[in-house]
Every structure is written in C-alpha cells, then in structure tokens.
Amino acid sequence: MAFFIPNFRNIRLETSIAGDWTIQKLGRKGRITMSFEHLGIEKKWQKYWDENKTFKTNTFSNKEKFYVLDMFPYPSGQGLHVGHPEGYTATDILARMKRMQGYEVMHPIGWDAFGLPAEQYAIDTGNSPKEFTEANIQTFKRQIKELGFSYDWDREVNTTDPDYYKWTQWIFKKLYENDLAYMDEVAVNWCPALGTVLANEEVIDGKSERGGHPVVRKPMKQWMLKITAYADRLLTDLEDLDWPESLKEMQRNWIGRSEGAEVTFSIEGHDETFTVFTTRPDTLFGATYAVMAPEHPFIKMITTADQKEAVENYLHEVQTKSDLERTDLAKDKTGVFTGAYAVNPVNGEKMPIWVADYVLMSYGSGAIMAVPAHDERDYEFAKVFELPIKEVVAGGNIEEEAYTGDGSHVNSEFLDGLGKDEAISKMIDWLEKNEKGTKKITYRLRDWLFARQRYWGEPIPIIHWEDGSMTAVPDEELPLELPEMTEIKPSGTGESPLATNEEWVNVVDPEMGMKGRRETNTMPQWAGSCWYFLRYVDPHNKEQLADPKALEEWLPIDIYIGGAEHAVLHLLYARFWHKFLYDIGVVSTKEPFQKLFNQGMILGEGNEKMSKSKGNVVNPDDIISSHGADTLRLYEMFMGPLDASVAWSTNGLDGSRRFLDRVWRLYINDDNSLTDKITDEAATELDKVYHETVKKVTEDFENLHFNTGISQMMVFVNECYKADSIPKNYAEGFVKLLSPVAPHMCEEIWQKLGNEKSISYAGWPAYDESKLVEDEVEVVLQVMGKVRAKLSVPVGTAKDDLEKLALSEDSVQKWLEGKTIRKVIVVPDKLVNVVAN
RNA sequence: GCGGGUGUGGCGGAAUUGGCAGACGCGCUAGACUUAGGAUCUAGUGCCUUCGGGCGUGGGGGUUCAAGUCCCUCCACCCGCACCA
C-alpha cells in the first residue's frame with residue numbers, strides 16, 4: 001500500500017489495510033500507532049451500548065440512587081465545541097464509577113431547544129425553526145454518542161416537544177393561580193432590529209447580546225413572575241448547599257438583601273408624603289436634603305414654578321442617556337433642586353428636595369434621605385452643590401471625607417452617645433412609636449420579566465377576553481401548541497409573530513360566545529430549563545409532570561456540573577420554581593441541586609478564549625477521528641483541575657494518547673493476543689502501588705480530582721512496565737479503574753481478558769489498607785531544618801531509638817562538629833531535626 | 001470602588017493535620033534500536049556553583065526546631081457586581 005499518510009510513523013500500519021483506509025479517508029494528521037485502533041473499537045462499543053441499552057436506568061430499583069446531571073445544552077448550529085466534553089466527561093466518569101460501585105445511576109441528557117438563534121435563522125432564511133432545531137439536535141446527539149457518554153437515551157427530553165412544554169405551561173398556570181404571575185406595565189429593553197423585548201441580562205453595553213443591535217427603553221405590558229416573594233428563602237436556603245462559595249456569594253449579591261428602615265417624610269405645602277429606605281436610620285439627624293430619582297412620580301407635582309425649567313431640562317437630559325451612560329458616566333454627580341422642601345420627621349428641619357440620577361427608581365422607593373457626613377455618594381453630591389454637611393457620628397473627619405464607620409452619636413438628641421447598632425434600633429423604635437417609619441428589609445432582586453415577543457417559545461396559556469378579563473387555558477386543552485407558521489416575522493408592533501396568525505390568536509368562548517384573544521407573548525428560554533431535571537425522572541408520564549414517588553426516589557440531584565455562566569440566572573430561576581413546586585406539593589425537597597460544581601473553560605492554545613474570529617476553535621469531531629474519544633476524554637480530565645481554565649495543547653493531547661497506547665501494549669500484543677506479562681501468579685512487587693492506586697483513584701474521582709487520579713494511574717502503569725509480571729486480578733482491577741475515563745478501550749481490553757459481560761457493571765475494585773503500609777520507612781534527618789541525610793528504619797521505631805540512630809549517623813555528625821545540641825525534634829516515621837549552634 | 005479567587009520549573013500542574021517542594025504529563029538533552037522517526041526503549045532535566053555547598057513556591061516582614069501551607073503588608077492577574085441608599 002503506498003498512500004501518503006501525513007505523520008505516518010509505524011511501518012506495521014501498512015499491513016493493516018482496513019486501518020489504512022480509515023485513516024486515509026479521514027485524512028487526519030494524527031499520530032496513530034497500530035496497537036490501538038480507536039476508530040473501530042469506539043464504533044464497536046458505542047453500537048454495543050446502544051443495542052443493549054446498557055445505561056438504562058431502573059426508576060424503582062432497590063439499589064441506592066445517584067443522580068448525576070449535566071447542564072441542559074442548547075443545540076446550536078455550530079455543534080459541540082471542546083468545552084462541552086469537559087463537564088460531560090466529568091459527570092460521565094462519576095456515573096460510570098457509581099454504576100460499578102452498585103448504585104442505580106440517573107444520567108440523562110436532553111435539549112433546551114427554544115431560543116432566539118433558531119428564530120433569527122428562520123427569519124433570515126424563511127425556513128422552519130422546528131426543522132432547523134431538529135437538525136441541530138441530531139448533530140449534537142451524534143457528537144455526544146461519539147464521545148461515549150453513558151446516557152440513558154430513553155429519557156431524552158426536548159423543551160420544544162408539546163408533551164414536554166405541556167408541563168411548562170402547567171407550571172405557569174399554577175404560578176398564575178397562586179398570584180405569582182401577573183401583568184405589569186414596565187419599561188423594557190425594546191430592540192427594534194430584533195423586533196423584540198430583551199431581558200436586562202441580554203443587553204450588554206446598551207446593545208443586544210445577540211446581534212449587537214441598539215436597544216431603547218419602551219413601556220409595555222408584560223408578564224412578570226414574583227420571584228421577590230421567594231427572595232428570603234432563596235437566600236437563607238443557600239446555606240445548606242454544597243456549592244462553590246464564590247457562586248453562593250454571587251447569588252447573595254444578586255438577591256442583595258439589606259436591612260434598614262422606611263422613613264416617611266412630609267412635603268412642605270403638600271398633603272402627600274414620600275418614603276425613603278435607609279440602612280442607617282441612626283443618621284436621620286444628619287439628613288440635610290432629600291433626593292428623588294428622575295422617574296419619581298412626585299417630581300412634576302412638587303417642582304416650584306421658578307425651578308420648573310431647570311428640572312425639565314435635567315429630566316430630558318437624563319432620559320436621553322442610556323442606563324449604561326447613567327451608571328458609567330456617574331463619576332460626576334449631577335442633579336437639580338426642585339424648589340420643594342421635605343420635613344425631617346425627627347427634628348422638623350427643612351430639607352431641600354433635589355432630583356438626581358444617582359438615585360435609582362428601581363431600588364427601594366426611588367427616593368433617599370441624604371446624609372452627606374456619613375455616606376460617600378451623598379458627600380460627593382453635597383460637595384458639588386454646596387449643601388450642608390452635618391456630623392452625627394463621631395470618629396471621622398468630615399472636612400475630608402464621609403465617615404461611614406461606627407462611632408458615638410453626636411448632635412442627635414436621644415441618640416447621643418450611643419454606638420451604631422444601638423442607635424439604629426432606638427431610632428426604629430422611635431419611628432414606629434411616632435408612626436414616622438418602620439423597620440424594613442429591601443432586596444435588590446427584582447421580579448422576573450417572563451415574556452418574550454417571539455414565536456419560538458412556549459405559548460403562555462392565557463386568553464384575554466373582550467370584556468377585559470383574562471383566564472387561563474383549561475388543563476384539558478394543554479398543551480397549547482405553537483402553531484406551524486410559514487412566515488415568521490416580527491409583527492412590528494412589538495407583539496410576537498403569533499399576533500399575525502388570526503386563526504390561532506382569536507378564540508370564542510363556546511358557552512358564552514364571548515370573543516377573546518390569546519396571549520401572543522411566549523415564555524423566555526429559561527422556562528424549560530427550570531424543571532427539566534424533574535422530567536428526566538419520569539419522562540413519558542401523560543398524567544402529571546412526574547410521578548411524585550419517582551421524584552422522591554431521585555431528588556435532590558447528587559451532583560450538577562456545568563459552566564459558571566449560569567451562576568446566577570438559571571440557578572436562581574430553577575431554585576425559585578423548585579421551591580414553588582415544593583410549596584404546592586409536587587416535589588419533596590426544598591432545593592433541587594444539593595451539590596454543584598463549575599467546570600473551567602478550555603482556552604485556545606494562545607491562552608485566549610476560543611472563538612471563530614480568532615480561528616483557534618478545536619472541533620471535537622477532528623480529535624475523535626485523529627486521536628479517539630477516549631484520548632479526548634482522558635486529556636480533558638488530565639489537563640488540570642476541573643474548575644481551572646486551561647489552554648488547549650496539541651502536545652498534551654498526544655501525551656494522553658501515548659498513555660493509552662502504553663496501557664494497550666501492556667495487555668495486548670500486535671497480533672491481538674494477550675501479552676504473557678499478565679499471569680495468574682500472585683506476585684507481590686506491585687501490591688503496594690496497586691492498592692495505593694485503587695485508593696487514590698477512588699477518592700480522587702469522588703472528589704472530582706480527575707487530574708491527580710489519572711496521574712496515579714500513570715504511576716501504576718510505569719511500575720507495571722518495570723515489573724516482570726502483572727497478576728491478572730491487578731490487571732483487571734486497573735482496567736476497571738481506567739474504564740470510566742476511557743470506556744471504549746477498556747471494554748475492549750476487558751473482553752480480551754476473557755470477560756463476556758460489559759465492564760460497565762463490573763464491581764469497582766476495593767483496596768486493602770494493610771497493603772499500603774510497608775515494614776520499612778524512610779526518615780529524613782535534618783540539622784537546623786536542612787535535610788542532611790536519610791535513613792531507612794522499621795515502621796514504628798521509638799522516638800528515643802530514632803534520635804540515637806540519627807545522632808550516630810556520620811553525615812549528621814559532620815554537621816554537628818563544634819556545635820552544641822540544643823534540642824532534637826523527632827516525628828516518628830517522618831523525620832528527626834537536630835537543633836544545634 | 002466593593003465582593004470573591006489565583007500567583008509554585010521552559011509549560012500544564014502535584015504536595016494529608018505546618019514535616020524531603022516540583023508527583024504525573026508536556027517540552028528539552030544524551031544514548032539505544034533503526035533505511036528513516038514527530039514511533040519505541042534507557043538515562044537526565046528547578047536555578048546558581050569554586051562541586052564543599054548555596055538559593056529557591058509573586059515582593060517584603062513575622063511566628064516556628066521546621067512555612068508553598070499560619071499571621072501582617074505590598075504587588076500582579078482573573079471572575080462577578082458596579083451610585084442598591
């Protein structure tokens with residue numbers, strides 16, 4: 001055979017025609033040795049697992065349950081990138097190990113398939129988003145299967161399947177019935193180019209996240225979910241979760257609980273009062289002015305005639321600024337006096353009311369009492385506009401800067417002399433007694449805007465009647481299916497394309513004959529991903545979302561692995577829905593994800609994020625054909641700790657392949673027979689390293705320390721090469737340990753070792769603690785903390801004996817010449833340190 | 001600015017309770033086998049060195065018989081939030 005095969009480097013390849021052709025046809029520039037022919041082996045076992053449904057989960061078995069979950073993938077048109085297999089391999093290793101340890105493992109996958117890209121594609125090309133999505137799913141599915149993940153494919157779910165979104169709609173109805181879904185007129189991010197409203201998180205730097213189109217503010221009637229009703233529980237229940245601390249902190253900040261007081265101020269010459277929220281009610285005597293947000297409804301009413309022009313100019317100026325500009329350019333404080341005065345409830349002093357955009361309408365009540373002496377923002381503002389600064393807490397220098405620390409109160413009548421905490425509670429008592437205010441907890445978290453003006457999403461099951469009332473679609477009419485539409489274009493009015501589908505949108509009540517119109521908004525993409533992990537447990541249930549008995553068996557999820565990009569939104573929304581479902585008795589746990597882990601990112605070779613524009617994207621398909629899925633899995637786990645972001649390295653990938661080749665050659669000869677190194681003898685030279693390896697790999701995998709577990713397996717293989725023979729039970733034990741990482745190759749070796757059944761349910765190896773200790777141990781001899789000699793002694797040598805042995809050692813004596821021994825520290829089985837001078 | 005995190009060879013990274021820094025892999029050097037090698041095998045590989053040894057975990061200081069690990073301080077980088085009253 002005379003092909004030119006790039007990087008061809010094993011003469012024996014030429015004799016294997018089948019191998020040549022595969023490699024030749026794929027044209028990969030991989031480094032293939034004939035010893036381990038991955039293409040054939042991987043296909044063979046993927047077919048075997050599929051045909052035998054090897055990884056089918058028995059919902060109600062007697063085994064202990066283990067639920068391993070991957071984050072719900074969005075099947076994009078680009079297919080898988082090398083970042084996907086990192087998290088998926090980690091969960092797959094756990095799933096495979098747990099199965100071998102005798103657990104009943106739930107390890108499912110599915111598709112979060114609604115979303116803007118499919119709709120954009122449909123608009124751009126006139127094709128159906130459904131077909132496009134279906135094709136993308138097929139690509140993802142093929143790629144995932146080629147990586148050898150042990151999913152139970154009978155549990156595959158798809159958010160765009162009416163049998164699935166029937167229950168998404170059902171949950172929405174329940175939220176609606178429990179007053180947690182409501183309609184409100186809110187200023188939303190209207191993107192004219194996309195013809196849709198975007199959530200805050202979809203707007204980046206004033207442009208749409210997808211497409212980078214400009215975004216403007218526009219008031220619109222929207223569906224909202226009252227997540228704020230759960231703010232406190234979402235916060236406190238974080239405590240018991242085994243999640244990364246940084247992530248919990250992000251959620252805490254997002255929820256942003258702050259404790260303080262609401263204080264009511266009257267306005268001079270008006271009957272109306274306004275309230276402010278403050279975390280420092282103790283500084284009320286130091287409040288010298290008040291500020292309202294530009295959107296505050298009272299501004300028009302209270303502005304005096306001579307300030308009218310100035311205020312209107314200011315409001316206009318602010319309106320034309322985007323949110324970004326308002327916050328970003330906020331280095332310099334701006335604002336205008338309204339001409340009106342508030343009355344400080346505690347001392348009756350007049351406080352000018354200003355308008356300024358450093359106060360946000362969306363937080364608290366949209367108005368503040370300004371205490372410039374003890375708040376940095378107020379201080380800065382007061383300096384700019386020369387407003388009075390009155391010290392009420394001693395300890396700082398208010399000539400220089402605001403003092404926000406603790407201290408003794410001054411100029412504060414009944415608070416004088418008190419510290420911060422005492423003063424706060426005393427002031428709250430006073431406010432409550434005099435009906436001027438009350439204790440109050442405020443959250444930064446806002447209600448969830450739960451509507452998108454799009455076609456490709458779950459229809460919201462609500463009908464608006466001509467009499468102005470609205471009702472939910474009856475349960476027996478669910479799912480309310482998304483109608484097939486030949487043309488999907490934004491209506492242009494801000495409504496979704498569904499508004500143009502007369503047949504679908506118009507309804508008549510069969511009994512009363514009243515006319516109505518269906519809700520044309522659809523749900524945001526987050527909806528389907530809020531509960532998918534529940535459906536996996538009972539995916540074909542026609543009567544309910546899932547059998548409560550099955551949910552009880554499997555929840556909470558034992559381990560959930562995915563990227564940190566979902567740290568806040570997805571995880572908070574899913575927790576919210578889960579708590580709601582708990583309240584209405586659907587699920588029996590308060591939290592869905594007991595343990596969560598964020599995998600790091602895989603960067604391009606230049607240590608930059610992989611992106612098409614940089615041309616540094618690595619395609620898993622290429623690696624699977626050149627090096628094999630097992631190599632890719634092994635490499636991604638060996639690169640570094642799972643949570644680190646590490647750059648891709650082709651050399652490192654080659655190294656992983658080399659290790660698998662070394663393992664293969666340890667067991668299998670070129671003629672495919674077993675090597676004669678594997679014997680039935682009970683050799684002892686590998687005892688210690690074998691048992692160490694079993695122990696370390698088991699513990700490391702359990703703790704997601706795959707890189708160190710793999711390195712221990714490399715140590716074992718190196719020792720095996722040095723040994724004369726390998727006892728068969730060690731040889732088998734090692735293949736089992738490696739099988740979660742490199743399942744195809746290990747199945748093949750397992751079979752060649754004479755086993756008929758799949759390795760997937762072979763018992764996980766156990767280790768013998770007694771084999772880990774040796775009779776002799778090396779003790780380090782130090783003089784003044786520096787290692788000068790080493791000594792081999794029997795384990796458990798007494799302290800005194802060890803000290804004598806150490807001091808009689810020549811190499812130690814040499815360092816003690818002319819010195820007096822002050823102290824000898826002996827740590828048995830570890831070291832002796834002689835202190836001398 | 002605030003909150004969280006990370007700094008260890010040429011590179012990715014290992015190091016129980018403070019107890020031999022650099023496991024394992026990559027890369028590199030030399031050798032062996034070879035028509036050939038980006039295969040395989042063997043040996044070596046933190047830095048400096050007058051070959052005695054000295055110095056080394058971002059910088060400086062401290063605690064200790066002993067510090068990558070504990071404390072103080074400074075610096076750099078990454079992530080999140082960004083006027084949240």
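So, how was this worked out
- In every chain, residue numbers begin from 1 and rise along the written sequence.
- Following the order in which they are written, the chains are lettered starting with A and the ligands numbered starting with 1.
- Side-chain atom pairs in this predicted model are given and counted only at pLDDT of 80 or more, local residue features only at pLDDT of at least 70, and totals for whole chains, interfaces and linings cover all residues.
- Note that water and hydrogens are dropped before the side-chain values are worked out from all heavy atoms of the structure.
- Note on definitions: salt bridges are taken to be side-chain nitrogens of Lys or Arg within 4 Å of carboxyl oxygens of Asp or Glu.
- Counting from the N terminus, the helices are the DSSP runs of H or I reaching at least four residues and the strands are the DSSP runs of E reaching at least two.
- Between buried and exposed lies partly exposed: a residue is buried under 20% and exposed over 50% of the maximum accessible area for its type, with that area taken using a 1.4 Å probe on protein chains only.
- For this quantity, the arc is that covered by the directions from the helix axis to the C-beta atoms.
- Only heavy atoms enter the contact rule, under which two residues are in contact if any of them lie within 4.5 Å.
- Any two strands with at least two DSSP-identified bridges between them are counted as paired.
- Axes, fitted as lines to C-alpha atoms, cover a helix only where it is in contact. Angles between the N-to-C directions of the axes lie from 0 to 180 degrees.
- By definition in this entry, angles of less than 35 degrees are roughly parallel, angles greater than 145 are roughly antiparallel, angles of 65 to 115 are roughly perpendicular, and the rest are oblique.
- Definitions for this section: a left-handed crossing has its near helix turned counterclockwise from the far helix by less than a right angle. A right-handed crossing has that turn clockwise.
- In this classification, Asp, Glu, Lys and Arg are treated as charged, Ala, Val, Leu, Ile, Met, Phe, Trp, Tyr, Cys and Pro as nonpolar, and every other residue, Gly included, as polar.
- Only buried Ala, Val, Leu, Ile, Met, Phe, Trp, Tyr and Cys residues count toward a nonpolar core, and they belong to the same one when joined by side-chain atoms within 4.5 Å.
- You can read pLDDT as the predictor saying how much it trusts each residue, on a scale of 0 to 100.
- Patch definition: residues above 30% relative accessible area lacking any salt bridge, with like charges linked at up to 9 Å and the nonpolar side chains Val, Leu, Ile, Met, Phe, Trp and Tyr linked at up to 5 Å.
- Areas reported as accessible are Shrake-Rupley estimates using a 1.4 Å probe. Residue values count occlusion only from the protein chains shown.
- Charge counting follows a simple rule: Lys and Arg are positive, Asp and Glu are negative, and His as well as the terminal groups are ignored.
- Charge positions are represented by NZ for Lys, CZ for Arg, CG for Asp and CD for Glu.

1. Examining the pattern of salt bridges
Applying the stated criterion to the full structure yields 40 salt bridges. Residue Arg96 is joined to Asp92 by a salt bridge in which the shortest nitrogen-to-oxygen separation is 2.9 Å. A residue pair is termed a helical-turn pair when its members lie 3 or 4 positions apart in one helix, as Arg96 and Asp92 do in helix α3 (residues 84-100) at four residues. Judged by relative accessible area, Asp92 falls into the buried class, the value being 0%. Through salt bridges with shared partners, a single network forms among Asp232, Arg257, Glu259 and Lys439.

2. Some remarks on helix α12 (residues 376-385)
Within α12 the residues assigned to the buried category are Asp378, Tyr379, Phe381 and Ala382. Along the axis of α12, the buried positions cluster into a sector of 165°, meaning they face one direction only. Buried-residue contacts for α12 involve β12 (289-292), β14 (350-355) and β15 (367-370). Taken from the residues just after α12, Glu386 is the one with a positive phi, measuring 55°.

3. Describing the pairing of strand β28 (residues 776-783)
Summarising the sheet, β28 and strand β29 (residues 786-794) pair through eight bridges and their orientation is antiparallel. Looking at the pairing, Leu781 lines up with Ala789 of β29. In textbook terms, the turn of a hairpin is the stretch between consecutive antiparallel strands, and for β28 and β29 this stretch comprises two residues, one of which, Met784, has a positive phi near 55°. Sheet topology note: the β28/strand β31 (residues 831-836) ladder contains four bridges and is parallel. Bridge pairing links Gln782 to Asn833 in β31.

4. Here's the deal with the packing of helix α22 (residues 687-702) against helix α24 (residues 728-738)
Contact geometry of α22 with α24 gives a least axis separation of 11 Å together with a crossing angle of 20°. The orientation of α22 relative to α24 falls into the category roughly parallel. Of the two possible hands of crossing, α22 and α24 adopt the one that is left-handed. Between α22 and α24, the contacting residues are Asp687, Tyr690, His691, Thr693, Val694, Val697 and Phe701 on the first element and Asn729, Tyr730, Gly733, Phe734 and Leu737 on the second. Its residues assigned to classes, the contact of α22 with α24 shows seven nonpolar, four polar and one charged.

5. Remarks on the sheet that holds strand β30 (residues 821-827)
Strand order across the open sheet formed by four strands is β29-β28-β31-β30, with mixed pairing between neighbours. If you trace the sheet from one side to the other, it starts and ends with β29 and β30, each paired once. Direction aside, neighbouring strands of the sheet carry axes that sit 20° apart on average. Lying on the sheet, helix α26 (residues 799-808) is in contact with β28, β29, β30 and β31; it crosses β30 at an angle near 125°.

6. Thoughts on the side chain of Thr693
Residue position: Thr693 is located in helix α22. Residue classification places Thr693 among the buried positions, given a relative accessible area of 1%. Sequence-distant contacts of Thr693, that is, excluding residues within four places in its chain, are made with Gln712, Met713, Phe716 and Leu737.

7. Brief notes about the nonpolar core
Tyr67, Phe172, Trp448 and Trp577 are the most contacted members of the largest nonpolar core, which totals 87 residues. Of all hydrophobic cores here, the second largest spans 60 residues; its members include Trp45, Val105, Tyr730 and Val735.

8. Observations concerning the confidence of the model for chain A
Looking at chain A, the pLDDT average stands at 88 and 93% of residues meet or exceed 70. Considering each helix and strand of chain A separately, the mean pLDDT is smallest for helix α1 (residues 17-26), with a value of 29, and largest for strand β2 (residues 104-106), with 98. Scoring the predicted complex yields pTM 0.90 and, for the interface, ipTM 0.94.

9. Details of a negative patch on the surface
On the surface, a cluster of negative charge is made up of Glu376, Glu399, Glu400 and Glu401. Mapped onto the fold, Glu399 is located in the loop between α12 and α13 (420-433). The exposure class assigned to Glu399 is exposed, which follows from its relative accessible area of 62%.

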